[in-house]
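# Understanding the architecture of this molecule
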Amino acid sequence: MRIRLSSSKWQHTYEQDPATICSAVNRTLHNISPRLASTLTVNAIISAIRRREVVHRLYLGDSCLGDAGCIRLFGFLNSPAGLQCREGLTELFLTKNDIGTQGLLAVAAFLRDNTVLRELCLSGNPLTTDPKVIAEFASALNSSRLCTLQILHSSSLGDQFVQAFLPRLTTPYLRQLDMPAIDMTRAVVPTLVDYVKSPQCHLERLKCNANSLTPGGARMIVKAIEEGNYTLWKVHLDDLHNESHDDEGEERMMAWEEVLSTVVQRNLRYKVQIRDQSLALLRYSRALFLRSGVTNGAYDFASVSSRSRNSRSFDLPSQFFNLPVELQQEIISYLAPLLSHQQRMRIVSFAADITTLPQLGHKSDAIRGRAKHLETVVRTGLGRRSSSQQEQPFEGSWRPPTWWECRCPIEYQVNCRSLRRWRRERRDMWLTQVACNAYEP
């Protein structure tokens, strides 16, 4: 058993990244008992984790883990010995590991209240169709900040899994859900329709291709997105398996595909405009309302306006606060016309709250232990390497901290991928926090 990069997929970005662990299973492990293979695999993975000071990615595809291996691996990650890895792990790939009911419960325990993990791949695993286990997994996902979930090519799931999973999915952070080739049929279309139309759906990407939804079912999903969804801007419903009784013509297929293209372009346009107007309104509101001294957002607009007008700060309050409250709100609506009234008020409340100001420096992170060797991680990674290697930047070494400072020379910061990703991460988290990540009609 050895741990190394095992696929050409990783040789471009993460070939030398010390924060990434990929398992390459010796072929002889497939010829011994699954229990022994699982034990040897987990021993090697845990040993590799212990040797790394920072681990951001675990690529453990086809590693003979099984349920027993998952239970032991996540038991280690949830223990004090694995805490450092848990607090830094952003990507977890468990493709084709024969993970079933008990393994999924172990994954759920690791996922619960996890605010660091961003991508989880469970493709090619049987998982389960037990409603209670699915409910536990959905509950754990809802408590996390997971952004991407992949369960491709798991034909044993079918309609039962989707019908038990989607109605319980309420997380505002999940942006991508991939479910191609999991043996869905047209019977699950009403569940998909209800989900994409519900306010609980915050997805931006949905993949349901290579299933038996039928063109008629796909058309119903597209119609639901057109009528009640403003977040999805990439949807895959192609490669549908036509049923014998559903004789759709090529022209009708092209018609709903054209409608889908129009709808996702509309949603993408709204997404960009809502984001830009929200950020602009935040800047204006900080300048106007921060003097109010509001904390914890526990005041309505009238109270915030009144406290700003009566503020004893050194600068005189703006004449804006002498206007009637209704007129103030009308003026604010012109600053962000696409936002709903509720969205604008949430941004004003956030901007007026002094406790939402970013920390100056990284002391708060240091106290929580989250900035340990952070600048070294982002610039060079952490591993057992020579001094000549340490000068090489590893942009794959990444975790989303509360505070981070780019150590690149000023002239290179504009091209720093880590800096751009950190800024995007913080922006997206804020937009989700104030529920301004989608258009509200």
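Quantities reported herein were computed from a predicted structural model and do not represent experimental measurements.

## Some remarks on the packing of aromatic side chains
The tally for this structure, following the rule as stated, stands at 12 aromatic pairs. Judged by centre distance (5.8 Å) and plane angle (65 degrees), the rings of Phe350 and Trp430 are edge-to-face. You can see Phe350 sitting in helix H12 (residues 341-352) and its partner Trp430 sitting in helix H16 (residues 417-433), a full 80 residues away along the chain. Trp430 shares its class with Phe350; the two are buried. Through a chain of ring-to-ring contacts, three or more aromatic side chains come together here, namely Phe289, Phe301, Phe320 and Phe321. Sitting over the face of the ring of Tyr270, Arg269 holds its NZ or CZ atom 6.0 Å from the ring centroid.

## Describing unusual backbone geometry
One non-glycine residue, Lys96, adopts positive backbone phi at about 55 degrees. If you trace the backbone, Lys96 turns up in the loop between strand E4 (91-93) and helix H4 (101-111).

## Focus: the nonpolar core
One finds Ile49, Leu120, Leu122, Phe137, Leu149, Phe165 and Met179 to be the most contacted residues of the largest nonpolar core, which totals 74 residues. Secondary structure elements with two or more residues in this core: helix H1 (34-51), helix H2 (66-77), H4, helix H5 (131-142), helix H6 (158-165), helix H7 (189-197), helix H8 (214-228) and helix H9 (250-289). Residues within four places of Leu122 in sequence aside, it is in contact with Leu94, Ile99, Leu104, Val107, Leu127, Phe137, Gln150, Ile151 and Ser154. Among the nonpolar cores identified, the runner-up in size contains 24 residues, and Tyr270, Met345, Val348 and Leu431 belong to it.

## With respect to a nonpolar patch on the surface
Residues Ile32, Leu36 and Leu40 make up a contiguous nonpolar surface patch of roughly 220 Å² in combined accessible area. Along the chain, the position of Leu40 falls in helix H1. Under the relative-accessibility criterion, Leu40 is labelled partly exposed at 36%.

## With respect to the packing of H5 against H6
One can describe the packing of H5 onto H6 by two numbers: an axis separation of 9 Å at closest approach and a directional angle of 45 degrees. Viewed along their axes, H5 and H6 adopt a mutual orientation that is oblique. Crossing handedness for the pair H5 and H6: right-handed. Touching Pro131, Ile134, Phe137, Ala138 and Leu141 of H5 are Gln160, Phe161, Ala164 and Phe165, all from H6. Of the residues that constitute the contact of H5 with H6, the class distribution is eight nonpolar, one polar and no charged.

## What to know about the side chain of Thr191
With respect to the element layout, Thr191 can be found in helix H7. Classification of Thr191 as buried rests on a relative accessible area of 16%. Those residues within four positions of Thr191 in sequence are excluded, and the remaining contacts are Val162, Gln163, Leu166 and Pro167.

## Focus: helix H10 (residues 301-309)
When we look at burial in H10, the residues that qualify are Phe301, Val304, Ser305 and Ser308. Buried residues along H10 cover an arc of 95 degrees about the axis, so they all sit on one side.

## Quick notes on the environment of Gln160
Relative to the elements of secondary structure, Gln160 occurs in helix H6. Between the C-alpha atom of Gln160 and that of Ile134, which follows or precedes it by 26 residues, the distance is 9.9 Å. Setting aside residues no more than four positions away along its own chain, Gln160 makes contact with Thr129 and Ile134.

## Examining the environment of His236
Its place among the elements puts His236 in strand E9 (residues 234-236). What makes His236 partly exposed here is its relative accessible area of 29%. The spacing of His236 and Leu206 is 30 residues in sequence and 6.4 Å in space, taken between C-alpha atoms. The residues touching His236, leaving out its near neighbours within four places in the chain, are Leu206, Lys207, Cys208 and Asn209.

## Considering the packing of H9 against H12
Two numbers describe how H9 lies on H12: the axes approach to 8 Å, and their chain directions differ by 45 degrees. On the basis of the axis angle, H9 is oblique to H12. Along this stretch, H9 crosses H12, giving a crossing that reads as right-handed. In this structure, H9 uses Ser278, Leu281, Leu282, Ser285, Arg286 and Phe289 to contact H12, whose residues at the interface are Arg344, Ile347, Val348, Phe350, Ala351 and Ala352. The residue makeup of the contact of H9 with H12, split by class, is eight nonpolar, two polar and two charged.

Parameters and conventions
Residues numbered from 1 in each chain as written. Predicted model: local features only at pLDDT ≥ 70, side-chain atom pairs only at ≥ 80, totals over all residues. Heavy atoms only, no water. Phe/Tyr/Trp six-rings, centres within 6.5 Å; stacked < 30°, edge-to-face > 60°. Helix = DSSP H or I, 4+ residues; strand = E, 2+ residues; numbered from the N terminus. Buried < 20%, exposed > 50% of the residue type's maximum accessible area, 1.4 Å probe, protein only. Lys NZ or Arg CZ within 6 Å of the ring centre and 35° of its normal. Core = buried A, V, L, I, M, F, W, Y, C linked by side-chain atoms within 4.5 Å. Contact = heavy atoms within 4.5 Å. Patch = residues over 30% accessible without salt bridge, like charges linked within 9 Å, V, L, I, M, F, W, Y side chains within 5 Å. Areas by Shrake-Rupley, 256 points an atom, 1.4 Å probe, with all protein chains shown as cover. Salt bridge = Lys/Arg side-chain N within 4 Å of Asp/Glu carboxyl O. Axes fitted to C-alpha atoms, helices over the stretch in contact; angles between N-to-C directions. Parallel < 35°, antiparallel > 145°, perpendicular 65-115°, else oblique. Left-handed = near helix turned anticlockwise from the far one by under 90°. Nonpolar A, V, L, I, M, F, W, Y, C, P; charged D, E, K, R; others polar. Arc of directions from axis to C-beta.

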